[in-house]
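# Coordinate analysis (summary)
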Amino acid sequence: MLFKKSISKLIAEAEQNGQGTLKRTLSSSGLIALGVGAIIGAGLFSLTGIAAADHAGPAVVLSFIIAAVGCGFAGLCYAEFASMIPVAGSAYTYSYATMGEFMAWIIGWDLVLEYALAAATVSVSWSQYFNQLLLTLGVELPTQFLHGPWEGGVVNVPAIVIVCLLSLLLMRGTQESSFVNNILVILKVAVVLIFIVLGWGFITEANHTPFIPVNHGEELVKSGQLGFWSFLKSDDFGHFGISGILRAAGVVFFAFIGFDAVSTAAQEAKNPKKGMPIGIIGSLIICTLLYVLFSYVLTGLAPYTEFKGDAKPVATAFAKTGYTFLNTALIVTIIAGYTSVILVMLLGQSRVFYSMSKDGLLPKLFSDLSKRQTPWKTNLIFMVFVSIFAGFVPVSDLGHMVSIGTLFAFTLVCIGILVLRKTEPNLDRPFKTPFVPVIPILGILVCVLMMASLPIESWERLAIWMVVGVVIYFVYSKKNSKIRKEYAEEHKLED
């Protein structure tokens, strides 16, 4: 038996309010700001440079478009679920309603990896820009306290500090966190627009030539000197050419996970049936337009080879313009932008664990709420967990792990729409995904294609994380599942 959670029970949960429930404080504009706050960050300000230097060159612009298309398909599926089942938990909750408890556990465990490591990834990049700001002010921190041991240091102290400060803010309350996020989003969008407008006049076309750098393995495949399967296993795959564009799409896909985080806050939206689709799709459209323009300007200002190993490519590119007096202001606003991403990722992670705990799949402490109606114990525990990753693990490794986890979640949400349209065709759907089954199927195909383009190490780490999750499920979660206990109780009464 799958042990699905009924839609009627989920809707009843969504309508609960008062003490012991999450507080509804987010408007439609607040949800859009939440999405933009999560989307525009490390993926744009750091991973764009990495993806261009290592995989796609100037064609990283095309990688963003491919990633956006995949996100668009998944985003439409998310919007239907979020308007229909407006409860915390995102893809975890949707999977529980469509594919049963075990798949819900798998996706919930995956989402924890996604959000926690996303917060850690961005905090590492935040640290690099923060150090750059200190240098402009004449303050120099010891190098060993700016990098983890795999990057020649001891521990990344600024990354740990920002995770701790934002975790404490989330414990304070969602409304306060949303207010801070809105201010940071305004600053962040402003700096992206300034970068695009001012940088456009300094684009050097030579930096965009060739737009798609040559992949020697692909050339050998075309000439018949190398078999396609041999090419897939070679070091050339994913380094420029078409395969490089696809791999870069998988890498920068990390930059689009913000709309996913919007859906975790459904239970804190004032009018989720209307606000959730607007927040999800609106934030995705806004950010896609900004991403394409931004990446085109970035690769036009400096040769993509200069971004190799550079955690702060925006500062590197902007130095090519004549507006050097704006460098400090640029760095400050980028730091503000990164801060909002970390904030939203930490919020999303805690809401997933809150939902899993409410269902009995995790200990009760993860759903304990403070007087301010926030899951403070979860925030506290993950403050420690995320801080460890932020302080010791390299940013590129974290980014790949987040991308594969996100793509896996999106794939299951698309599958969920197909399942629910078949099993529950008459449910009230305030927002309906158009062109079903075409849109969900395309979403699945694009996400799987991008997953396949990621390095094998990403798959190995995901597999290890999932094995750990499966063990916890059978040792603890299955025995403590509320829906299983209710089922057993009902059948005991019948007997």
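The text that follows walks through the structure, step by step, so that each part is easy to find.

Along the backbone of the protein chain there are 21 helices and zero strands. Buried positions account for 58% of the 495 residues belonging to the protein chain. The contacts in the protein chain between residues at least 6 apart in sequence include a share of 82% that link residues at least 24 apart. Only carbon and sulfur atoms are counted for the fraction: they give 67% of the accessible area of the protein chain, which is about 19,100 Å².

Within the element layout of this structure, S123 appears in helix α7 (residues 101-136). Every residue in contact with S123, bar those within four places of it in the chain, is listed here: A159, I162, V163, I342 and A390.

On to the nonpolar core. Counting 136 residues, the largest nonpolar core has I40, F45, Y92, Y129, V192, F195 and F256 as its most contacted members. Residue contributions to this core peak at 18 residues, all from α7. Sequence-distant contacts of V192, that is, excluding residues within four places in its chain, are made with I40, L44, F45, L290 and F294.

To continue, consider the pattern of salt bridges. Considering all chains together, one arrives at eight salt bridges under this definition. Put simply, K364 and D368 hold a salt bridge, and the shortest N to O gap is 2.8 Å. A relative accessible area of 61% places K364 in the exposed class. Judged by relative accessible area, D368 falls into the buried class, the value being 16%. A network of salt bridges, in which partner residues are shared, links E80, R421 and R429.

Moving on to a nonpolar patch on the surface. A grouping of F145, V154, V157, V161, L165 and L168 is seen on the molecular surface, where their side chains present a nonpolar patch of about 500 Å² in accessible area. With respect to the helices and strands, V161 occurs in helix α8 (residues 157-172). Given the relative accessible area of 41%, V161 is considered partly exposed.

What follows covers helix α5 (residues 60-84). The first and last C-alpha atoms of α5 sit 36 Å apart over 25 residues, in line with the 36 Å expected at 1.5 Å per residue. In terms of burial, α5 is a largely internal element, 20 of the 25 residues being buried.

Working note: non-glycine residues mostly have negative phi, and peptide bonds are mostly trans. In this structure, the amide linkage connecting T209 to the following residue, P210, adopts the cis form with an omega of -5 degrees. Tracing the chain through its elements places P210 in the loop between α9 (174-200) and α10 (216-222). Geometrically, the link from V436 to P437 is a cis peptide bond, its omega value of 10 degrees lying close to zero. Tracing the chain through its elements places P437 in the loop between α18 (395-423) and α19 (438-453).

This next bit is on the packing of aromatic side chains. Per the counting criterion, the structure on display carries 21 aromatic pairs. Measuring from centroid to centroid gives 5.6 Å for W105 and W109, while their planes differ by 15 degrees, and the two rings are stacked. Of the two residues, W105 and W109 both sit in helix α7, four residues apart, roughly one turn of that helix. By relative accessible area, W105 is classed as buried at 0%. Taken together through their ring pairs, the aromatic side chains of F102, W105, W109, F353, F366, F382, F385, F389, W465, Y473 and F474 make up a single cluster.

What follows deals with the environment of F474. Position of F474 relative to the elements: it lies in helix α20 (residues 456-480). You can call F474 partly exposed: its relative accessible area is 42%. Sequence-wise, F474 and F102 are 372 residues apart; in three dimensions their C-alpha atoms are separated by 9.6 Å. The residues touching F474, leaving out its near neighbours within four places in the chain, are F102 and K479.

Here is what the cut-offs are and how they apply
Residues numbered from 1 in each chain as written. Predicted model: local features only at pLDDT ≥ 70, side-chain atom pairs only at ≥ 80, totals over all residues. Heavy atoms only, no water. Helix = DSSP H or I, 4+ residues; strand = E, 2+ residues; numbered from the N terminus. Buried < 20%, exposed > 50% of the residue type's maximum accessible area, 1.4 Å probe, protein only. Contact = heavy atoms within 4.5 Å. Areas by Shrake-Rupley, 256 points an atom, 1.4 Å probe, with all protein chains shown as cover. Core = buried A, V, L, I, M, F, W, Y, C linked by side-chain atoms within 4.5 Å. Salt bridge = Lys/Arg side-chain N within 4 Å of Asp/Glu carboxyl O. Patch = residues over 30% accessible without salt bridge, like charges linked within 9 Å, V, L, I, M, F, W, Y side chains within 5 Å. Expected span 1.5 Å × (residues − 1). Phe/Tyr/Trp six-rings, centres within 6.5 Å; stacked < 30°, edge-to-face > 60°.

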